[in-house]
Amino acid sequence: MEWLIIVGAVVSFVGLIGLVLSAVKVMKAKRAGLEDADLRARIQKAMVLNMGAMALSVLGLMCVILGVTLS
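Analysis parameters
Residues numbered from 1 in each chain as written. Predicted model: local features only at pLDDT ≥ 70, side-chain atom pairs only at ≥ 80, totals over all residues. Heavy atoms only, no water. Axes fitted to C-alpha atoms, helices over the stretch in contact; angles between N-to-C directions. Helix = DSSP H or I, 4+ residues; strand = E, 2+ residues; numbered from the N terminus. Parallel < 35°, antiparallel > 145°, perpendicular 65-115°, else oblique. Left-handed = near helix turned anticlockwise from the far one by under 90°. Nonpolar A, V, L, I, M, F, W, Y, C, P; charged D, E, K, R; others polar. Buried < 20%, exposed > 50% of the residue type's maximum accessible area, 1.4 Å probe, protein only. Contact = heavy atoms within 4.5 Å. Salt bridge = Lys/Arg side-chain N within 4 Å of Asp/Glu carboxyl O.

**Q** Whenever I open this one, the packing of helix H1 (residues 2–31) against helix H2 (residues 36–70) confuses me. Can you help?
**A** Think of two packed helices as two axes; the pair is described by the angle between the axes and how far apart they sit. Running from N to C, H1 and H2 cross one another at 165°; their axes reach a closest spacing of 7 Å. Accordingly, the angle class assigned to the pair H1 and H2 is roughly antiparallel. Here H1 runs over H2; the crossing is left-handed. Partitioned by chemical class, the residues of the contact of H1 with H2 number 21 nonpolar, nine polar and three charged.

Quick look at the structure:
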């Protein structure tokens, strides 16, 4: 079950990269000095990425836990 641990770690890492990318997008949007409606729209787009990355990270961690349990 080592392959499940490795695959889970890679998937979790990709999710972590997505979380960092989401945070960077929000920081750039806040620094841009946009109007309230435009800022909300950009943050909502970043939230979609954030939730997807969080789900991916959770799935990866579940694979790692399953692989460790089955080993």
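Read on, since the account is not over.
**Q** How do you make sense of the side chain of Ser12 when you look at a structure like this?
**A** Looking at the element boundaries, Ser12 is found in helix H1. Under the relative-accessibility criterion, Ser12 is labelled buried at 12%. In this structure, Ser12 is in contact with Ser57, Gly60 and Leu61, ignoring residues within four places of it in sequence.

**Q** Looking at this structure, I do not really get the pattern of salt bridges. What am I missing?
**A** Charged atoms that come close allow side chains of opposite charge to pair. As enumerated under the stated definition, the model contains one salt bridge in all. Asp36 is paired through a salt bridge with Arg40; the nearest N and O atoms lie 3.3 Å apart. Placement of both Asp36 and Arg40 in helix H2 is noted, with a separation of four residues, approximately one turn of the helix. With relative accessibility at 54%, the residue Arg40 sits in the exposed group.

Keep in mind that these numbers describe shape and distance, not what the molecule does.
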